[in-house]
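Listed here are the chains, written in short residue letters.
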Amino acid sequence: MKKNHLLDPINIGEWNLRNRIVMAPMTRSFADDETGVVGPDVVEYYRKRAEDGIGLIITEGINLSPRAKGTFGIPGLFTEDQMTGWKKVTDAVHQEGGTIVAQLWHVGRLTHHELTGGQPPQAPSALKAKGLVHRLHKPYEMPEEMTEGDIQKVTEEYAQAARNAIDSGFDGVEIHGAHGYLIDQFNSEATNCRKDRYGRNLIQRLTFMKEVLASVIKEIGAEKTIIRFSEIKDDLPDYKWKDPEESVQAFIHVFQDVGISILHPSTNHFTETLVNGMTLHELVRKY
Ligand SMILES: Cc1cc2nc3c(=O)[nH]c(=O)nc-3n(C[C@H](O)[C@H](O)[C@H](O)COP(=O)(O)O)c2cc1C
């Protein structure tokens, strides 16, 4: 009989995981909405998952700045109080023998000024998302097109949030590059019509993701960094990569260029887009 390795230890990056069970990132909206600080309920939530034996916990998406926030109750990693809150979570998980990484999230255009302290949403291009803001139930607003200065600032915020994660006791970070949020808005031709070096064609659209990854890796190292990416955009359910094989190849080239090797493809909804009979995971493995 073929041996099942699910409960065998495995080394990934810098982590010696006790088994191969990974908890997917899941937004819980448990944080104090005003401060983005997590409380004892969040400590207990993650402690329990570690006690239950999960090998690697990837947290819910965490805001890297006030402007990154897309709905109510999302925690942050950009103030001292937020870091103090997370330190209690990471201590509790480590006491249970677990490993935990922080998923860093910026929603880009998928928000509203009522959620971001009065600031308008920002995005690669001034293209408004269809539909209503999650739980605010108001239409999305026209985002501000980011200048090169804005792009530089947000890139630095990713690196700072990654540093804050390590200083709060996390074992690493996952960069949320999937599901139609800011990085994905740069990656996709549906949401990026820039004419500068961040747009124009597939390779250049991936420049923002590449620079974010490079700045995070410079700050904390590639051995502590995961990238999540996907085809599906929550706000554009019918969107499909025009040429999935070309897209996956371009993504993998970026990952190789910056030296990141811990990949988290989100296969949610990819199943209809089998390429030559291959799933997204098989395609990723091919390149
Ligand atoms: C309640 C809920 C919240 C989620 N929040 C996030 C999130 O914060 N970040 C993220 O990358 N994915 C998020 N997801 C997607 C999950 O990580 C996962 O990809 C999805 O449930 C599909 O599962 P599968 O990948 O096993 O098919 C969320 C899913 C659920 C059900």
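One can find the structure itself at the top, above this paragraph.
One structure accompanies this document, and this report is about it. (Residues numbered from 1 in each chain as written. Predicted model: local features only at pLDDT ≥ 70, side-chain atom pairs only at ≥ 80, totals over all residues. Heavy atoms only, no water.)

1. A few points about the side chain of Q82
We count it as follows: Secondary structure elements are defined from DSSP: runs of H or I of at least 4 residues count as helices, runs of E of at least 2 residues count as strands, and each element is numbered from the N terminus. Polar contacts here mean pairs of N or O atoms no more than 3.5 Å apart (in protein, one a potential hydrogen donor and the other a potential acceptor; neighbouring residues in sequence count only if both atoms are side-chain atoms). The criterion used for residue contact is that any of the two residues' heavy atoms lie within 4.5 Å.
Tracing the chain through its elements places Q82 in helix α2 (residues 80-95). Of note is the side chain of Q82, whose polar atom sits 3.1 Å from the backbone nitrogen of L77. Within the local environment of Q82, its side chain forms a polar contact with the backbone nitrogen of F78, the two atoms lying 2.7 Å apart. Contact partners of Q82, with chain neighbours within four places excluded, come to T35, G36, V37, G76 and L77.

2. Side note on empty space enclosed by the protein
This is how the line gets drawn: We place a 1 Å grid over just the protein atoms. Points where a 1.4 Å probe fits but has no way out form a cavity, open points with protein on both sides within 12 Å along at least 5 of 7 lines form a pocket, and any residue with an atom within 4 Å of a point lines it. Grid points are joined across faces, edges and corners, and a volume is the space filled by probe spheres set on the points. The nonpolar class holds Ala, Val, Leu, Ile, Met, Phe, Trp, Tyr, Cys and Pro. Asp, Glu, Lys and Arg form the charged class, and all remaining residues, Gly among them, are polar.
Under the counting rule described, the total for this entry stands at one cavity of 30 Å³ or more. In this model, the largest cavity occupies a volume close to 30 Å³. The residue inventory of the lining of the largest cavity, partitioned by class, reads one nonpolar, four polar and four charged.

3. Let's talk about the packing of aromatic side chains
Rules: By convention, a stacked pair of Phe, Tyr or Trp rings (six-membered ring in the case of Trp) has centres within 6.5 Å and planes under 30 degrees apart, an edge-to-face pair has planes over 60 apart, and any other such pair is tilted. A 1.4 Å probe rolled over the protein chains alone gives each residue an accessible area, and that area as a share of the maximum for its type sets the label: buried under 20%, exposed over 50%, partly exposed in between.
In total, this model carries 12 aromatic pairs according to the counting rule given. Their ring planes at 45° and their centres at 5.6 Å tell us that W241 and F251 sit as a pair that is tilted. Of this pair, W241 sits in the loop between β9 (225-233) and α7 (244-258) while F251 sits in helix α7, and the two are 10 residues apart along the sequence. Both residues of the pair, W241 and F251, count as buried.

4. Concerning the layout of surface pockets
Of the voids in this model, the largest pocket is the one considered here, and its volume is about 310 Å³. Around the largest pocket, the lining is made up of 17 residues, and of these I12, V22, L56, I262 and L263 lie nearest the centre. Residues of the lining of the largest pocket, tallied by class, amount to 11 nonpolar, four polar and two charged. Looking at the second largest pocket, its volume works out to about 190 Å³. Lining of the second largest pocket is provided by G70, T71, W105, V107, L110, V133, H134, Y140, Y181, D234 and D235. Taken together, the residues that form the lining of the second largest pocket break down as six nonpolar, three polar and two charged.

5. Side note on the site of the ligand
Worth spelling out the cut-off: For this purpose, a residue is taken to be near a molecule or strand whenever a single non-hydrogen atom of the residue falls within 4 Å of it. Per-residue accessibility takes into account occlusion by the displayed protein chains alone, with areas from the Shrake-Rupley method and a 1.4 Å probe.
Within the structure, the ligand sits among 11 residues, and P25, T27, Q103, H176 and R228 are positioned closest to it. In this structure, a nitrogen atom belonging to the ligand sits 2.8 Å away from a side-chain N or O atom of Q103. At 3.2 Å from an oxygen atom of the ligand is found a side-chain nitrogen or oxygen belonging to H176. A total of 610 Å² of accessible area belongs to the ligand in isolation, and the protein chains cover 60% of it. In terms of residue class, the shell around the ligand is made up of three nonpolar, six polar and two charged.

6. Points about the packing of helix α6 (residues 207-220) against α7
Keep this limit in mind: Only the stretch in contact is used when fitting a helix axis, every axis being a line fitted to C-alpha atoms; angles between N-to-C directions are given from 0 to 180 degrees. Each angle is binned into one of four classes, with values under 35 degrees roughly parallel, values over 145 roughly antiparallel, values of 65 to 115 roughly perpendicular, and all other values oblique. By convention the crossing between two helices is left-handed if the near helix lies anticlockwise of the far one by an angle smaller than a right angle, and right-handed if it lies clockwise.
Their axes nearest at 10 Å, the elements α6 and α7 cross at an angle of 30°. By the angle between their axes, α6 is roughly parallel relative to α7. Note that α6 runs across α7; the crossing there is right-handed. Between α6 and α7, the residues in contact are M209, K210, L213, A214 and I217 and F251, V254, F255, D257 and V258, respectively. The residue inventory of the contact of α6 with α7, partitioned by class, reads eight nonpolar, no polar and two charged.

7. A closer look at the packing of helix α3 (residues 148-167) against α6
Running from amino to carboxyl end, α3 crosses α6 at an angle of 35°, the nearest separation of the two axes being 9 Å. In this structure, α3 meets α6 at a crossing whose hand is right-handed. When α3 is examined against α6, the residues I151, V154, T155, Y158, A159, A162, R163 and I166 are found in contact with a partner set consisting of F208, E211, V212, S215, V216, E219 and I220. Each residue belonging to the contact of α3 with α6 can be placed in one class, and the counts come to 10 nonpolar, two polar and three charged.

8. Considerations on α7
In an α-helix, one full turn covers 3.6 residues, which means residues spaced three or four apart are oriented alike. Under the convention used in this document: Given the number of residues in a helix, its expected span is that number minus one, multiplied by 1.5 Å.
Taking 1.5 Å of rise per residue, the 15 residues of α7 would be expected to cover 21 Å, and the 21 Å separating its terminal C-alpha atoms lies within 8% of that figure. By the burial criterion, the buried members of α7 are P244, E245, S247, V248, A250, F251, I252, V254, F255 and V258. Elements in contact with the buried residues of α7: α4 (182-187), α5 (202-205), α6, β9, β10 (263-266) and α8 (280-286).

Without other data, these values stay purely geometric and don't point to any function.
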